[in-house]
Amino acid sequence: MRPCRHPPTAGSGNTDGYGLAAIGPGVGVGIIFGQGVQAIARQPEAYGLIRQNMLLGFVLTEALALLGLVAPFIFQVVK
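What this report covers is the structure whose coordinates are included nearby.

Calculation notes
- Residues numbered from 1 in each chain as written.
- Predicted model: local features only at pLDDT ≥ 70, side-chain atom pairs only at ≥ 80, totals over all residues.
- Heavy atoms only, no water.
- Helix = DSSP H or I, 4+ residues; strand = E, 2+ residues; numbered from the N terminus.
- Buried < 20%, exposed > 50% of the residue type's maximum accessible area, 1.4 Å probe, protein only.
- Areas by Shrake-Rupley, 256 points an atom, 1.4 Å probe, with all protein chains shown as cover.
- Patch = residues over 30% accessible without salt bridge, like charges linked within 9 Å, V, L, I, M, F, W, Y side chains within 5 Å.
- Salt bridge = Lys/Arg side-chain N within 4 Å of Asp/Glu carboxyl O.

1. Thoughts on the overall build of the protein chain
- Summing up its helical and strand segments, the protein chain has 3 helices and 0 strands in all.
- The helix and strand sequence of the protein chain, counted from the amino end, reads α-α-α.
- Among the 79 residues that make up the protein chain, the fraction classed as buried is 11%.
- When the accessible surface of the protein chain is split by element, carbon and sulfur atoms take 69% of a total near 6,600 Å².

Right under this line is the structure:
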């Protein structure tokens with residue numbers, strides 16, 4: 001039998017899962033602000049409306065990410 005080259009991890013599957021799940025909101029926020037900057041560059045007169053929609057999209061995206069962070073703790077307490 002060969003010795004294991006990798007040290008044991010201290011985290012659980014939940015932490016690994018959330019780490020992977022955090023990629024989605026990160027990409028979403030990048031898309032939101034990237035497209036928002038492009039829209040403002042094309043129509044500077046609509047800055048207020050575009051900024052408002054950008055911030056709303058950011059808040060909703062981050063709310064889902066925070067829900068994903070809190071959910072394992074809630075389910076752990078329920079068990």
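2. So, a nonpolar patch on the surface
- The grouping of Leu 66, Leu 69, Val 70, Phe 73, Ile 74 and Phe 75 at the surface amounts to a nonpolar patch, some 590 Å² of accessible area in total.
- Checked against the element boundaries, Phe 73 lands in helix α3 (residues 47-78).
- Owing to a relative accessible area of 54%, Phe 73 belongs among the exposed residues under this scheme.

3. Focus on the environment of Ala 22
- On the secondary structure map, Ala 22 appears in the loop between α1 (13-21) and α2 (23-42).
- Ala 22 gets classed as partly exposed once you look at its relative accessible area, which sits at 32%.
- For the pair Ala 22 and Leu 66, spaced 44 residues apart in sequence, the C-alpha to C-alpha distance is 9.3 Å.

4. Some points on the environment of Arg 51
- Position of Arg 51 relative to the elements: it lies in helix α3.
- A residue is classified by how much of its surface remains accessible, and Arg 51, at 41% relative accessible area, is partly exposed.
- As for Arg 51 and Ala 39, which are separated by 12 residues in sequence, their C-alpha atoms are 9.6 Å apart.

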